[in-house]
Amino acid sequence: MSGVNRIKSLIIITAAAVCVCTGCTKSELTSQYSFPEENLVTTQNDRIFVKGFAADLCVSESDGDVNTDNVNAAAFGLFDISSGTVVSQHNIYDRVYPASTTKILTCLIALEMGDPDDVVTIPKESGITVSGSSMADLKPGDKIRLSDLLYALMVPSGNDAAVAIAHYISGDTAAFAEVMNNRAKELGAVHSHFTNPHGLPDDDHYTTVYDMYLIFNEAIRNEEFVKIAGTAEYSCTVTNDSEPEEKRERTVSWTCGNGFLNGKFDFAENMNVLCGKTGHTSKAGFCLVLGETDTQGDRYISIMMNSPVYEQLYAGMRNLAEKSRT
């Protein structure tokens, strides 16, 4: 059998294995996520290794809506990661703008590629002036440990922190976007494209609910990510040698904008929010990605994209979580 045919056979076998675990059909899986061969396999000494699409992922049994009552968003999904099933879904393969949920991938890459003890200098490019941009009150020239910078990224959703991380990892945001896109492909998120580390509006910066599930599912395997993305309040010290001596060191404090973590909204009964990330722009609407657990220890990922009203985002996410018991 030729190398190409062996690879094609392997893809079919892998798809079938996933379907056995999740109850989908082989055609349903391959129709939605027919990955380019170079994204699925590598070869070494005539051995073939599968990358990305692991057999323990949730795969939808349907292309249409499932269990969608009382959730108002352009696209959403509830993924039972303990059983590998999609409990609720609406337009999970449609292109959406992720807004600041982009920072899930930014944080994951920084945890994988960075050293938490490194001291990062905030670059001048972090001085974003876009109206409404969420910032962590970091100034060009500030020095901050990467471990603290990740809290600046996720707790107040600092776009300045996102740019600083991109420069620290890759030298600039364009090069970091390439890293983001490559990492997304490795995770099977092949229907996404990222142009920046923060999610500010760009027509060529998009994802899908299912792709975001793939990315977040990988992120919550990292205990440090769960800790950071589950923090409601955080403070740290930054220094800046360009300031007068009495002002060179200052304390910055942040509060999480996630209404379930900061106590503004109550979550579903007998369920707890472990971590998550919010997002909002005029094009993206209100977005929220959550990792949750119930009293039996089962774990879920809930995602809502482009909800039109802030309060409806949280009401819908709570209603979505209730579907885990229906």
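Structure first, text after, so check above.
Residues numbered from 1 in each chain as written. Predicted model: local features only at pLDDT ≥ 70, side-chain atom pairs only at ≥ 80, totals over all residues. Heavy atoms only, no water.

Q: How should the nonpolar core be read in this particular structure?
A: Note that soluble globular proteins tend to have their nonpolar side chains buried in a common cluster. Ranked by size, the top nonpolar core spans 88 residues in total, and within it Leu 138, Leu 149, Phe 225 and Trp 254 carry the most contacts. Of all the elements, helix H8 (residues 209-219) adds the most residues to this core, at eight residues. Those residues in contact with Leu 138 that sit more than four places away from it in its chain are Ile 122, Ile 144, Leu 149, Ala 152, Asp 160, Ala 161, Val 238, Arg 250 and Trp 254. (Core = buried A, V, L, I, M, F, W, Y, C linked by side-chain atoms within 4.5 Å. Buried < 20%, exposed > 50% of the residue type's maximum accessible area, 1.4 Å probe, protein only. Helix = DSSP H or I, 4+ residues; strand = E, 2+ residues; numbered from the N terminus. Contact = heavy atoms within 4.5 Å.)

Q: Would you take a moment to explain the packing of helix H4 (residues 103-113) against helix H5 (residues 146-154) for this structure?
A: Axis separation between H4 and H5 bottoms out at 10 Å; the angle between their running directions is 170°. Between H4 and H5, the angle is such that the two are roughly antiparallel. Between H4, through Lys 103, Ile 104, Thr 106, Cys 107, Ala 110 and Leu 111, and H5, the contact on the second element is made entirely by Leu 146, Leu 150, Leu 153 and Met 154. Class assignment for the residues of the contact of H4 with H5 results in eight nonpolar, one polar and one charged. (Axes fitted to C-alpha atoms, helices over the stretch in contact; angles between N-to-C directions. Parallel < 35°, antiparallel > 145°, perpendicular 65-115°, else oblique. Nonpolar A, V, L, I, M, F, W, Y, C, P; charged D, E, K, R; others polar.)

Q: Sorry, what's going on with the packing of H4 against helix H7 (residues 173-186) here?
A: Between two packed helices, both the angle of their axes relative to each other and the distance between the axes serve to describe the pair. Between H4 and H7, whose axes approach to 10 Å, the crossing angle comes to 95°. Comparing their axes, H7 and H4 come out roughly perpendicular. On the side of H4, the interface is formed by Leu 105, Thr 106, Ile 109, Glu 112 and Met 113, while H7 contributes Phe 176, Val 179, Met 180, Arg 183 and Ala 184. For the contact of H4 with H7, the residue count by class is seven nonpolar, one polar and two charged.

Q: Quick question: what am I supposed to make of the environment of Asn 196 here?
A: Looking at where Asn 196 falls in the secondary structure, it is placed in the loop between H7 and H8. With 94 residues separating them in the primary sequence, Asn 196 and Thr 102 have C-alpha atoms 8.4 Å apart. Residues within four places of Asn 196 in sequence aside, it is in contact with Thr 102, Ala 177, Met 180, Asp 202 and His 205. In terms of polar contacts, Asn 196 uses its side chain to reach the side chain of His 198, at 3.1 Å. A distance of 2.6 Å separates a polar side-chain atom of Asn 196 from the backbone nitrogen of Gly 199. (Polar contact = N/O pair within 3.5 Å; in protein donor to acceptor, adjacent residues only side chain to side chain.)

Q: Just to check I follow, could you spell out the environment of Ser 253 for this structure?
A: Among the structural elements, Ser 253 can be located in strand S8 (residues 249-255). Ser 253 gets classed as exposed once you look at its relative accessible area, which sits at 54%. When the C-alpha positions of Ser 253 and Asp 137 are compared, they lie 9.1 Å apart, and in sequence the two are 116 residues distant. Those residues in contact with Ser 253 that lie beyond four places of it in its chain are Tyr 234 and Ser 235. One polar contact links Ser 253 to Ser 235, side chain to side chain, over a distance of 2.7 Å.

Q: Could you clarify how one ought to interpret the pattern of salt bridges in this entry?
A: A side chain of one charge can pair with a side chain of the opposite charge when the charged atoms of the two come close. Counted according to the given criterion, the structure contains nine salt bridges. As a salt-bridge pair, Asp 142 and Arg 250 come within 2.7 Å of each other at their nearest N and O atoms. You can see Asp 142 sitting in the loop between strand S5 (119-121) and strand S6 (143-145) and its partner Arg 250 sitting in strand S8, a full 108 residues away along the chain. Residue Asp 142 is classed as buried on the basis of its relative accessible area, which comes to 0%. For Glu 218, the salt bridge goes to Arg 183, with nearest N and O atoms at 3.5 Å. Of this pair, Glu 218 sits in helix H8 while Arg 183 is found in helix H7, placing the two residues 35 residues apart along the sequence. A relative accessible area of 14% places Arg 183 in the buried class. (Salt bridge = Lys/Arg side-chain N within 4 Å of Asp/Glu carboxyl O.)

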